[in-house]
There are 2 protein chains.
Amino acid sequence: MGAQGLTCRECHAEYPAEALYVCERCFGPLEVTYEVDAGLDVAERRRHIQAGPQNLWRYSDFLPLDAPPGPSSRTLSRTGLPAGCTPLIKADRLAERLGLREVWVKNDAANPTHSFKDRVVAVAAARARELGYDVLACASTGNLANAVAAQGAALGMETYVFIPADLEEQKILATGVYGTNLVKVRGSYDDVNRLCTEISGERDWAFVNVNVRPYYAEGSKTLAYEIAEQLGWRVPDRLVVPIASGSLYTKLAKGFQEWLDLGLAEGAPPVMNGAQALGCSPVACAWEAGHDVCQPVRPDTIAKSLAIGNPADGPYALDLARSSNGSIDAVTDDEIREGIRLLAETTGVFTETAGGVSTATLAKLAERGDIDPEERVVLLITGEGLKTIDAVRDTFDSFEIEPRLDAFVDEVEDVVAGARR
Amino acid sequence: MGAQGLTCRECHAEYPAEALYVCERCFGPLEVTYEVDAGLDVAERRRHIQAGPQNLWRYSDFLPLDAPPGPSSRTLSRTGLPAGCTPLIKADRLAERLGLREVWVKNDAANPTHSFKDRVVAVAAARARELGYDVLACASTGNLANAVAAQGAALGMETYVFIPADLEEQKILATGVYGTNLVKVRGSYDDVNRLCTEISGERDWAFVNVNVRPYYAEGSKTLAYEIAEQLGWRVPDRLVVPIASGSLYTKLAKGFQEWLDLGLAEGAPPVMNGAQALGCSPVACAWEAGHDVCQPVRPDTIAKSLAIGNPADGPYALDLARSSNGSIDAVTDDEIREGIRLLAETTGVFTETAGGVSTATLAKLAERGDIDPEERVVLLITGEGLKTIDAVRDTFDSFEIEPRLDAFVDEVEDVVAGARR
């Protein structure tokens, strides 16, 4: 493949592969289109991927770049942080708890700044450099802020990062440490996003999720490729995916479809289950009401990384849930906390609130009987628990003792034994 | 290779490969000994490693297990968390700042619970299961607590985790979430360690860093193997490594030596620079005084993960610093904070205080002129910045504005431009 240009998702008008994101004719969003090289056979293509580096650049034939950055190994020089190739873990203990046969956890918290945003930023930054930009910028709910600031530090690019002022302190500190220009905006993410759209018209900067968004969004597809490759070139039966803007959710489906079309992956398009926090669930609400578009909401949830009240890809997400026989569910903040605990206790993976949303949604689907016991299900974990540590405070008991054996026996062992009786 | 048994490091008495850690004759520490299969040629051995999984089990021929756990891929079932195969990043911007030619950052924060402890726990837990244990336990300064609790959750083993009561809240929360029996001990790490040694004599549990310590310690060698493999089967000229107990520091040298002996890696044994926090620097103090043993100290430093006042492998660390033409340095808490910033700003890697210690020590060595500009240096980063987030609070400026373009221009851009003039 190779990026051919940009195409409007609505009216199919075509544009060159530049820093454009909205159709001049109909204001629809632009998406990268590819030219498929039908000449390569499947075995050859798979070998080529397997011989690539242990990061997302192994999939660079499917990414909108003139050339992949850097040398072909996980080690790299001046090419930025090595995102991708995160573990896919067979979660037998989680499956057992939910009465399912086969559950896999795709742990994308294992990226350099511990969220899937490192993927989209890697692609956006590489394309921004190809297009001649010196400054990277973004509007963020937190994870993107970490990723842009870190990537800028690795590449030696100046960065401007815009966040809602009330973000979790962990995400603010883990952004500022990289030496970025950190701008806290008094308002919601949607306010931040509007401001960034305005600035992007005035400054010659690459706003990763505004004017170079079509390239940025393609980075999410690599998650689909990896899952398929890690399952032995097979598409799973079902995915459970958190929804903020809806971009990741829809791009995952696009990634699987591209590989199914090329014969690179076997199987059928998966059932796509979207997951939102009840305190910010415009897509889940539209789904329940049977609407085609989302009503914007004012977010109020502990899942701040999903707190987008006016999701850009909402209508496409609703389409996909429908066409894939999926659904879009919402879970409460308490269910999110329980989801975090459930995942941690059964897999050893500690996720941020967004992963609590997807885990709680998987539990809900299992309980509702929506999942056939024979299915192979992949649960997407998009970020790290250390980033939203407040969510687990006071959710477990511990002991505090003097450093003596008798204190341990009396105050720990006897209590543990008592609790078991 | 294949584990042959245990040997006393002092009197060389031999023992079977069981849950033993101290010599019955002279009370010296026991270490695993291997039988080298001289029959395999180098190319064959390298191919075998390269065909292995993308985790530390690719090196299982050099680990003290009867059989490596799990299937041969990064995906895995009931075999625990996939530690190892962390990125080695060429840090050109850091090298430039320090006036050096070639610096690589081995980022072991990229492990499942974001520290190198996942390596040692993976090996200890696997061996504990081979020896028939049902309960995993540890004495920890924080990172080990995270790793043991997570590994226990992944494997479905009960765990007991003992920590000093005054540990960073991040590390406590990121341990308790896995559903472990978490015991906070009112005292220093050395008090915790003494209590655990006592309990390990009374209970039939695998304390990863007490009674199965010889197996646990071997896990650290995989860092040396990985670095050599990632550098194209070459040993670097110099390593800068944080020292707590001294185990990691000495085992790294052991790992390189094993591969040099087998011809698997090329080069010479590296210069080994140890790094301690001044507030807990028993090994650096002994080094400066020219002593062979360490005087125990009471720790007082922000680098809590290195806060071991009575380091078990102190004498061996002093030996190694001497024999490798290295040194053992100590840095202040302020230098640690500066080290964290320096690494973040130049590489995009955000490390915990321990990585601040090794980065600050590298800067000190460079400034002192101890490093030949032609050398290839590897800086070891053992843990993640999100775990000690308090260390970066108030270390950078940020802006807070209303969501309006004019506010951005007046309150951000003009200030940034002013600072540059």
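No experiment lies behind these values; they were computed from the predicted model shown.

Conventions adopted
Residues numbered from 1 in each chain as written. Chains lettered and ligands numbered in written order. Predicted model: local features only at pLDDT ≥ 70, side-chain atom pairs only at ≥ 80, totals over all residues. Helix = DSSP H or I, 4+ residues; strand = E, 2+ residues; numbered from the N terminus. Rg over C-alpha atoms; globule rule 2.2 N^0.38 Å. Buried ≥ 20, exposed ≤ 12 C-beta atoms within 10 Å, placed from the backbone. Contact = placed C-beta atoms within 7 Å. Domains from an automatic or database assignment. Nonpolar A, V, L, I, M, F, W, Y, C, P; charged D, E, K, R; others polar. Pairing = 2+ DSSP bridges. Least-squares fit on C-alpha atoms with pLDDT ≥ 70 in both. Right-handed = clockwise from strand over helix to strand, strands pointing away. Axes fitted to C-alpha atoms, helices over the stretch in contact; angles between N-to-C directions. Parallel < 35°, antiparallel > 145°, perpendicular 65-115°, else oblique. Left-handed = near helix turned anticlockwise from the far one by under 90°.

J.: Can you walk me through the overall build of chain A in this structure?
T.: The number of helices and strands found in chain A is 14 helices and 14 strands. In summary, chain A has a C-alpha radius of gyration of 22 Å against a globular reference of 22 Å for 421 residues, a match within 12%. By its C-alpha atoms, chain A is 70 × 50 × 45 Å across when sized along the principal axes. Residue burial in chain A is summarised as follows: out of 421 residues, 60% are buried. Partitioning the contacts of chain A with sequence separation of at least 6, the portion at a separation of at least 24 is 68%.

J.: Explain the domain arrangement of chain A to me, please; I cannot follow it from the model alone.
T.: A common measure of how large an interface is: the accessible area buried when the components associate. Residue and element names in this part refer to chain A. When the domains of chain A are assigned, the result is domain 1 (1-35), domain 2 (39-81 + 116-216) and domain 3 (88-114 + 220-392). Distance between the C-alpha centres of domain 1 and domain 2: 20 Å. On the side of domain 2, 11 residues touch domain 1, which itself brings 10 residues to the contact. For the side of domain 1 that touches domain 2, the secondary-structure elements that each account for two or more residues are strand S1 (3-8) and strand S3 (30-34). The dominant element in the side of domain 1 that touches domain 2, judged by the number of residues it contributes, is S3, at three residues.

J.: Would you mind going over the interface of chain A and chain B with me for this structure?
T.: Taken together, the contact between chain A and chain B spans 69 residues of the former and 69 residues of the latter. Residue contributions to the side of chain A that touches chain B peak at seven residues, all from helix H6 (residues 189-202) of chain A. A breakdown of the residues in the side of chain A that touches chain B according to their chemical character gives 36 nonpolar, 16 polar and 17 charged. Pairing of strand S14 (residues 399-401) of chain A with strand S8 (residues 181-185) of chain B, which is carried by three bridges, proceeds in the parallel orientation. Bridging from a neighbouring strand, Glu400(A) pairs with Lys184(B) of S8(B).

J.: Could you clarify how one ought to interpret the relation of the copies chain A and chain B in this entry?
T.: Two chain copies here: they are related by a rotation about an axis and a translation along the same axis. With an axial shift of 0.0 Å and an RMSD of 0.0 Å, the rotation relating chain A to chain B amounts to 180°. Taken together, the rotation angle and the small translation identify this as a two-fold axis. With an isologous cut-off of 70% or more, the 100% of interface residues of chain A that recur at the interface of chain B puts this contact in the isologous class.

J.: How do you make sense of the pairing of strand S7 (residues 158-164) of chain A when you look at a structure like this?
T.: A regular strand places its side chains on the two faces of the sheet in alternate fashion. Residue and element names in this part refer to chain A. Counted residue by residue, S7 has six buried out of seven residues, so it is predominantly covered. Viewed along the sheet, the connection from strand S6 (residues 135-139) through helix H4 (residues 143-155) into S7 turns out right-handed. Of the pairings in the sheet, the one linking S7 to strand S8 (residues 181-185) comprises five bridges and is parallel in character. In the strand pairing of S8, Tyr160 is matched with Asn181. At this point the chain moves from S7, through helix H5 (residues 169-176), to the parallel S8, and the crossover so formed is right-handed.

J.: What's the story with the packing of helix H9 (residues 247-262) of chain A against helix H11 (residues 314-323) of chain A in this structure? I'm lost.
T.: The description of two packed helices rests on the angle between their axes and on the distance between the axes. Residue and element names in this part refer to chain A. Here H9 crosses H11 at 50°, and the two axes come no closer than 9 Å. Relative to H11, H9 is oriented oblique. When you trace H9 past H11, the crossing you get is left-handed. Here Tyr249, Thr250 and Ala253 of H9 come into contact with H11, specifically with Tyr316, Ala317 and Leu320. Across the contact of H9 with H11, the residue classes tally to five nonpolar, one polar and no charged.

J.: Quick question: what am I supposed to make of H11(A) here?
T.: For an α-helix the count is 3.6 residues per turn, leaving residues at separations of three or four pointing the same way. Residues and elements named next belong to chain A. Those residues of H11 that fall on the buried side of the exposure criterion are Gly314, Tyr316, Ala317, Leu318, Leu320 and Ala321. Packed against the buried residues of H11 are H9, strand S11 (271-277), helix H10 (282-289) and strand S12 (327-331). Count one or two residues on from H11 and you reach Asn325, which has phi positive near 60°.

J.: Would you take a moment to explain the pairing of strand S1 (residues 3-8) of chain B for this structure?
T.: Residue and element names in this part refer to chain B. One ladder, built from five bridges, connects S1 with strand S3 (residues 30-34); its direction is antiparallel. Bridge pairing in S3 links Ala3 to Tyr34. Pairing geometry for S1 and strand S2 (residues 14-15), over two bridges, is antiparallel. The residue of S2 that forms the bridge with Leu6 is Tyr15. Taking the residues between adjacent antiparallel strands as the criterion, S1 and S2 are bridged by five residues, where His12 takes a positive phi near 65°.

J.: How should the sheet that holds S12(A) be read in this particular structure?
T.: As a general point, the strands of a sheet are linked pairwise by backbone hydrogen bonds and lie either parallel or antiparallel. Residue and element names in this part refer to chain A. Across the sheet, six strands lie side by side as S4-S5-S13-S10-S11-S12; this open sheet has mixed pairing. Edge positions in the sheet fall to strand S4 (88-90) and S12, since each of these pairs with one other strand and no more. Taken pair by pair, the neighbouring strands of this sheet meet at an average axis angle of 25°, ignoring direction. One ladder, built from six bridges, connects strand S5 (residues 102-107) with strand S13 (residues 376-381); its direction is parallel. Directly across from Lys106, in S13, lies its bridge partner Leu380. Strands S11 and S12 of the sheet are contacted by H11, whose axis makes an angle of about 135° with S11. Sheet strands in contact with helix H13 (residues 353-368) are strand S10 (238-242), S11, S12 and S13, and its direction is about 140° off that of S10.

J.: Mind showing me how you'd approach the environment of Ala165(B) here?
T.: For Ala165(B), the position within the fold is in the loop between strand S7 (158-164) and helix H5 (169-176). Overall, the presence of 17 C-beta atoms within 10 Å leaves Ala165(B) in the partly exposed class. Taking the C-alpha atoms as reference, Ala165(B) lies 10 Å from Leu182(B); in sequence the two are 17 residues apart. Among residues more than four places away in sequence, those in contact with Ala165(B) are Glu400(A), Lys184(B), Val185(B) and Arg186(B).

J.: Is there a simple way to think about the environment of Lys106(B) in this case?
T.: All names here are of chain B. Summarising the element assignment, Lys106 is placed in strand S5 (residues 102-107). Since 25 C-beta atoms lie within 10 Å of it, Lys106 is described here as buried. Put simply, Lys106 and Ile340 are 234 residues apart on the chain and 15 Å apart in space, counted from C-alpha to C-alpha. In contact with Lys106, other than residues within four places in its own chain, are Thr86, Leu88, Leu223, Ile227, Val378, Leu380 and Ile381.

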